[in-house]
Structures are given as structure tokens and as C-alpha cells.
Amino acid sequence: MIYIYNDFGGTHTTVLAAAYHLNKLDASHEPTKNEILNTHNFNKLVYKDRGKLYFHGKDEDGNKVYTMGRGRSKILIPGVFNFIDMLIEEEVLNEKIILSNTSPTVPFAMTCGGMLSRWLKIDFIGVPLLVIGAKQAYKDIFNLVQHTKQTAKSSSSQLIMLDNKDFK
């Protein structure tokens, strides 16, 4: 299986979701500032990185975990979905693929922090807000990951797209 967590920038909730998925962050407690900031690609990606897939590792079952930022595009993820579907129909791709949207877990502090840090380059205000947001959202992000994994394992579909609107 291949998991692809996606959101606007691909550098905050997606990378945290990948870290929880891969057990690199412990969901039994609120993450520390250092744990958050040391998560692979946390607050590192920029505009030109959108649409790229970033590999984070393999989970305990050998499944690959990726993240992607989609920006403002309403067509990128449906386009990726349709492309993967075509590869499956052409029998070029045999793996199960799960596209999981992490955007519903983004709290207001993270939205503001991301805008200040990534767009305006005001890290001294943006990064603390991102850390506050990551701490606020950690349970929702972990629950979204658990939902994603459970859906992937229980579904017979080879291609799944989760909008995760129930996580707002």
C-alpha cells in the first residue's frame, strides 16, 4: 500500500500525520516543541515544493508513506486520483493507494503560523503559532491517521480518496 497525506502546504499537518503513521511521534502525549520542529520537513517546504511527493518511510506493515502539498488547487488531488486510476486500469500499477486530506485538522493557530512563517518569513511569530497549533491538533491528526489506516485495511478498493471532513 501507498499512503499519501495531503494538505495546502504539505509541511505541517501532513508531515505530522506521516510521523504519527510511522510511529516517529508518540500519540500517548502532546508532542514537545522539539519533537514538532524536528519532524521531517516540518515548516521546511516552500511554494515551489507543492505538487511534489515526499517519502517519509515505510510503516510496520511495509507500506510507503508520502506527503504532498496541493496549494490552492482544487484539481491537483482529483488529477492525481484520475492518473493513478488510469495506471490501475492499464495494469501498470498494482498497489493500493490511499489519498488522505489532513486539512480538516488544521487549527486557526497553525493557519496563522503557516502564513506568517512560510509566506511572510516572520518566523519569530509564525513558528511559535505553528507549535501551538500542532499541540492543539495532535489528537485530531493521530485520529485521522488511525481512520486512514483502518479505511485502507478494510476497503476492497484499490484507490481511495479521503476528504476527512468529519475531523473539523
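Refer to the structure above for everything that follows.
Residues numbered from 1 in each chain as written. Predicted model: local features only at pLDDT ≥ 70, side-chain atom pairs only at ≥ 80, totals over all residues. Heavy atoms only, no water.

1. Some thoughts on the side chain of Asn63
Part 1 of the argument: In this fold, Asn63 is placed in the loop between β2 (54-58) and β3 (64-69).
Part 2 of the argument: Judged by relative accessible area, Asn63 falls into the buried class, the value being 7%. (Helix = DSSP H or I, 4+ residues; strand = E, 2+ residues; numbered from the N terminus. Buried < 20%, exposed > 50% of the residue type's maximum accessible area, 1.4 Å probe, protein only.)

2. Details of helix α3 (residues 76-89)
Since the α-helix advances by 3.6 residues per turn, residues separated by three or four positions end up pointing in the same direction.
Part 1 of the argument: If you check α3, its first and last C-alpha atoms are 20 Å apart, about what 14 residues at 1.5 Å a residue would give, namely 20 Å.
Part 2 of the argument: Among the residues making up α3, those that are buried are Ile77, Ile84, Leu87 and Ile88. Projected onto a plane normal to the axis of α3, the buried residues spread over an arc of 100° and lie on a single side.
Part 3 of the argument: Elements that come into contact with the buried residues of α3 comprise β1 (2-7), β3, β4 (97-101) and β5 (159-162).
Part 4 of the argument: Backbone geometry just after α3 places Glu91 at a positive phi near 60°. (Expected span 1.5 Å × (residues − 1). Arc of directions from axis to C-beta. Contact = heavy atoms within 4.5 Å.)

3. A few points about the nonpolar core
Part 1 of the argument: Core analysis: the largest hydrophobic core is formed by 28 residues, its most contacted members being Tyr5, Leu16 and Tyr20.
Part 2 of the argument: Mapped onto this core, the elements with two or more residues apiece are β1, α1 (13-21), α5 (123-154) and β5.
Part 3 of the argument: With ten residues, α5 is the largest single contributor of residues to this core.
Part 4 of the argument: Ignoring anything within four residues of it in the chain, the contact list for Tyr20 reads Leu25, Asp26, Ala27, Pro31, Tyr138, Ile141, Phe142 and Val145.
Part 5 of the argument: Residues Ile2, Ile4, Leu87 and Ile97 belong to the second largest nonpolar core, which totals twelve residues. (Core = buried A, V, L, I, M, F, W, Y, C linked by side-chain atoms within 4.5 Å.)

4. Observations regarding the environment of Val15
Part 1 of the argument: Within the fold, Val15 resides in helix α1.
Part 2 of the argument: Val15 sits in the buried class, given a relative accessible area of 0%.
Part 3 of the argument: A sequence separation of 87 residues divides Val15 from Thr102, and the C-alpha atoms of the two residues are 9.6 Å apart.
Part 4 of the argument: Not counting the four nearest positions on each side in its chain, Val15 is found in contact with Gly10, Thr39, His40, Asn41, Phe42, His56 and Thr67.

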